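# Structure assessment
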Amino acid sequence: MKDYLGKKSQTVQEKEKIDDIFDLLSQDNLDFITVLDETNKPVGIISAQMMAAFQKARGYCIDKKVGEFSSKDYVVLSKEDTIDKAIEHYEKPILIIDRNNQFIGILDKSKMLKDYFEKQQLLANELAAILDFAHEGIVVTDKKGYITMMNEPYAEFLGVKKEEVIGKHVTEIIDGTRLHIVAATGKQEIGDIQRIRGKNIVVMRMPILKNGQVSGAIGKIMFKDPKEVSVLASKITKIEKELNYYKDALGQASSARYSFSNIIGISEKLQESKYLAEKAAHTNSNVLIRGESGTGKELFAHAIHSCSYRSPKPFVKINCAAIPAELLESELFGYEEGAFTGARRGGKIGKFESANGGSIFLDEIGDMPLAMQAKLLRVLQEKEIERVGGVKNIEVDVRIIAATHRNLEEMVEKGEFREDLYYRLNVMNIQIPSLRERPEDIPMIVRHLLEKISEQVGNYVSGISQDAMNRLGQYNWPGNVRELENVLERTIILVDYAGEIKETHLPMYLRKAEKSRFSQQGKDLKEILADAERDAILDCLHQTGGNRSETAKILKISRSSLYERLWKYGIE
């Protein structure tokens, strides 16, 4: 090639080679390209742009040196050099040579470089706009610590104009800064407290790396007051606590909370019920729990699940009487998106799917509508459910524990309860005795409930008098243990702290019920009237929650008269 360039007369083959070079280099958007020999004389112009600029033919440049083309200074740039070098000398024409110093292209305000500059300027403008909208203050320096960029929030915080700080050393603008040190060492600093204009702020400083080398540093205000860190940490802690609370609540809502140890009593009837329940717990059979309201049917259901091999899985409860008939199906089996007006987006799983692998407690099963009874029977037979609005069957593995206070046998005879469902549910039948059937259990239950309720209401009681316990044992308890618990809670509220529950603290209806069992014979009118007055005062105290001023007002007597009667009748 070198020999070829040194010749003034060119063969057709040589011309074709020059044309090939022109075709190659012209694709790089070079404005001027020429060829020199070893004496630095141009031997041919191989660029259409060059010819158009000089309006000459190829042979015009023969025997002329590069300097004869123009009086401009040139910068020599090899094709192996980076674009950064071309950008650095953009204002001067650039000679491009090959490795053998034979090919030289003159790059004079190339369109390629113009486009490059325009794109870089556009990106810089966009970046500056984005940074100005950022809430945090941001500043950037070069590797020597001179500011190359600062956003508006940082400039406002410093009380300067961002245009005026560009090019100044960061130490001249920002008090106590270490950004220039980070730019020099390349070591990041995060969470450092820096005092600026009399204020302590929390900052971070990060080195900017380019090709593995530090080219500058970026500083950012993380918090304008260290107290914000504490506030943020408190908020995060609060959110974590709430999350853990809801996780625990969800776990408790879908798990059994009681075991057989929570079932209090020594009566023979209760022990028999516990024995059957424990046997049922170790099987996979459905269980039907029977008993009056308040006897503890749900307590038995919890215990059965807790003692079964399904205990690690969910225990899901649903009260069939508390949910409207039109909503019960979607609650039990779930629904698909768009199944009905108001259906949740994405649909919703039902109680049976939630209980998959575990147990589902269907309380008040006797109040389930007949239409739903038929669908429940299908679940028991096929072990699968179908969501409302769905088209596919979903397999479920659920053990059903049902409970009712109603007489299902009578309901079957009247056609109010499906006979086939009754037999499906009545595999293990457990009858819970009422409280009046086991009066010997009342003292144990009372002591257990006093400890539990005292902790709940925050009023400690030392115990209960024998007279009060006798009254509790003599009552019929139509509401069973639930009613007993309610009575004790109201009584504990009335007793002074660390006091003893006495007969006078019990509700009026309990004492009236006891009196109906005994004759008033042997009492004169004065005694009967005194009993009535005492009962009236106690009843009014219960109504007002122990408020003596309000009690005196209702009874239309003075407070002093009320206190006299309280002392007279031994009412605390």
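Residues numbered from 1 in each chain as written. Predicted model: local features only at pLDDT ≥ 70, side-chain atom pairs only at ≥ 80, totals over all residues. Heavy atoms only, no water.

### Some words on the overall build of the protein chain
For clarity, the cut-off: Runs of E in the DSSP output that reach at least two residues are strands. Runs of H or I that reach at least four are helices, and both are numbered from the N terminus. To sort residues, take the accessible area from a 1.4 Å probe on protein chains only and compare it with the maximum for the residue type: under 20% means buried, over 50% means exposed, and anything in between is partly exposed. When checking whether two residues touch, look at their non-hydrogen atoms; a contact exists if any pair is within 4.5 Å. Accessible areas in this description were obtained via Shrake-Rupley with a 1.4 Å probe; residue shielding takes into account the shown protein chains only.
Secondary structure summary: the protein chain contains 24 helices and 21 strands in total. Taken across its 572 residues, the protein chain has 39% of its residues classed as buried. Sequence separation of 24 or more characterises 59% of the internal contacts of the protein chain that already satisfy a separation of 6 or more. Of the roughly 32400 Å² that the protein chain leaves accessible, carbon and sulfur atoms contribute 51%.

### Examining the pattern of salt bridges
Here is the rule: Think of a salt bridge as a Lys or Arg side-chain nitrogen and an Asp or Glu carboxyl oxygen that are within 4 Å of each other.
A full pass over the atoms with the stated rule returns 19 salt bridges. Here Glu152 ties to Lys162 by a salt bridge, and the two come within 4.0 Å at their closest N and O atoms. With a gap of 10 residues between them, Glu152 in helix α6 (residues 152-158) and Lys162 in helix α7 (residues 162-165) connect regions that are remote in the sequence. Judged by its relative accessible area of 29%, Glu152 falls in the partly exposed class. Ionic pairing is found between Glu292 and Arg436, a salt bridge with its closest N-O pair at 2.4 Å. Within this pair, whereas Glu292 is found in the loop between β11 (287-290) and α12 (297-306), its partner Arg436 is found in the loop between β19 (428-431) and α18 (442-457), the two being separated by 144 residues in sequence.

### So, the environment of Ile318
Topologically, Ile318 is positioned in strand β12 (residues 315-319). Taking C-alpha positions, Ile318 is 7.8 Å from Ile360, a pair spaced 42 residues apart along the chain.

### As for the pairing of strand β10 (residues 213-223)
This is how it is decided: Paired strands are those between which DSSP finds at least two bridges.
Where strand β6 (residues 138-142) lies against β10, 5 bridges are found, and the strand directions are antiparallel. Its bridge partner lying in β10, Ile138 is registered against Lys220. The sheet contact formed by strand β9 (residues 199-210) and β10 spans 9 bridges and is antiparallel. Each bridged residue has a counterpart across the sheet, and for Arg205 the counterpart in β10 is Gly219. Hairpin connection, β9 to β10: the antiparallel pair is bridged by 2 residues, and Asn211 has positive phi, about 55°.

### Brief notes about the packing of helix α13 (residues 325-333) against helix α15 (residues 370-382)
The line we're drawing: Here, axes are lines fitted to C-alpha atoms. For helices the fit covers the stretch in contact, and angles between N-to-C directions go from 0 to 180 degrees. If an angle is under 35 degrees, it is roughly parallel; if it is over 145, roughly antiparallel; if it lies from 65 to 115, roughly perpendicular; otherwise it is oblique. Helix crossings are classified by the rotation of the near helix relative to the far one: an anticlockwise turn of less than a right angle makes the crossing left-handed, while a clockwise turn makes it right-handed. In this count, Pro and Cys sit with the nonpolar residues alongside Ala, Val, Leu, Ile, Met, Phe, Trp and Tyr, while Asp, Glu, Lys and Arg are called charged and the others, Gly among them, polar.
Between α13 and α15, the least distance of the axes is 11 Å, while the angle of their chain directions is 15°. On the basis of the axis angle, α13 is roughly parallel to α15. Note on packing geometry: the crossing formed by α13 with α15 is right-handed. Seen from α13, the contacting residues are Leu328, Glu329, Leu332 and Phe333; seen from α15, they are Met372, Lys375, Leu376 and Val379. Across the contact of α13 with α15, the residue classes break down as 6 nonpolar, no polar and 2 charged.

### Examining the packing of aromatic side chains
How two aromatic rings sit relative to each other is set out by the distance from centre to centre and by the angle between their planes. Here is the rule: Aromatic rings from Phe, Tyr and Trp, taking only the six-membered ring of Trp, are treated as a pair when their centres fall within 6.5 Å; an angle between ring planes under 30 degrees marks them as stacked, one over 60 as edge-to-face, and anything in between as tilted.
Per the stated rule, a full pass over the model turns up 5 aromatic pairs. An angle of 35° between the planes, with centres 5.6 Å apart, marks the rings of Phe333 and Phe352 as tilted. Placement of the pair is Phe333 in helix α13 and Phe352 in helix α14 (residues 351-354), with a sequence separation of 19 residues. According to the relative accessible area criterion, Phe333 is buried, its value standing at 3%. Its relative accessible area of 1% is what places Phe352 among the buried residues. With 4.6 Å between their ring centres and 90° between their planes, Tyr475 and Trp477 make a pair best called edge-to-face. Neither residue differs from the other here; Tyr475 and Trp477 are each classed as buried.

### Remarks on the sheet that holds strand β15 (residues 359-363)
Taken in spatial order, the 5 strands make up an open sheet running β12-β15-β18-β11-β19, and their pairing is parallel. Pairing within the sheet leaves two strands with one partner each, and these edge strands are β12 and β19. Looking at each pair of strands side by side, their axes are set apart by 15° on average, direction ignored. Across 4 bridges, the pairing between β11 and β19 is parallel. Among the inter-strand pairings, Ile289 is bridged to a residue of β19, identified as Ile430.

### Brief notes about the environment of Ala322
Along the chain, the position of Ala322 falls in the loop between β12 and α13. Between the C-alpha atom of Ala322 and that of Glu364, which follows or precedes it by 42 residues, the distance is 8.8 Å.

### A word on helix α23 (residues 548-555)
What counts is decided by this rule: Each polar contact in these results corresponds to two N or O atoms within 3.5 Å; when the atoms are within protein, one needs to be able to donate a hydrogen and the other to accept it, and residues that are neighboring in sequence are counted only if both atoms are side-chain atoms.
The residue sitting at the N-terminus of α23 and contributing the capping side-chain oxygen is Asn547; that oxygen lies 3.1 Å from the backbone nitrogen of Ser549. Positioned one or two residues after α23, Lys556 has a phi angle of 60°, which is positive.

### Thoughts on a nonpolar patch on the surface
Our working definition: Excluding any residue in a salt bridge, patches collect residues exceeding 30% relative accessible area, merging like charges within 9 Å and nonpolar Val, Leu, Ile, Met, Phe, Trp and Tyr side chains within 5 Å.
A contiguous nonpolar patch, built from Leu525, Ile528 and Leu529 and spanning about 290 Å² of accessible area, is present on the exposed surface. On the secondary structure map, Leu525 appears in helix α22 (residues 525-543). On the basis of relative accessible area, Leu525 is assigned to the exposed category, the value being 60%.

### Some points on the side chain of Glu483
As a reminder of what qualifies: In this count, Lys and Arg are taken as positive residues and Asp and Glu as negative ones, while His and the chain termini are left out.
By the secondary structure assignment, Glu483 is in helix α20 (residues 480-494). No salt bridge is formed by the buried Glu483. Its closest oppositely charged neighbour is Arg490, at 7.0 Å. Excluding its chain neighbours within four sequence positions, the residues that come into contact with Glu483 are Tyr475, Trp477, Pro478 and Tyr509.

### Notes on the nonpolar core
Applied cut-off: Among the buried residues, those of types Ala, Val, Leu, Ile, Met, Phe, Trp, Tyr and Cys that are joined through side-chain atoms within 4.5 Å form a nonpolar core.
Within the largest apolar cluster, 31 residues are counted, with the highest numbers of intra-cluster contacts made by Leu332, Phe352, Leu362, Ile365, Ile400 and Phe417. Of all the secondary-structure elements, those providing two or more residues to this core are β12, α13, β15, α15, β18 (399-404), α16 (408-413) and α17 (419-425). Ranked by residue count, the leading element in this core is α15, at 5 residues. In this structure, Ile365 is in contact with Leu288, Cys320, Leu376, Ala402, Ala403, Thr404, Phe417 and Leu425, ignoring residues within four places of it in sequence. Residues Tyr475, Trp477, Val481 and Val487 belong to the second largest nonpolar core, which totals 23 residues.

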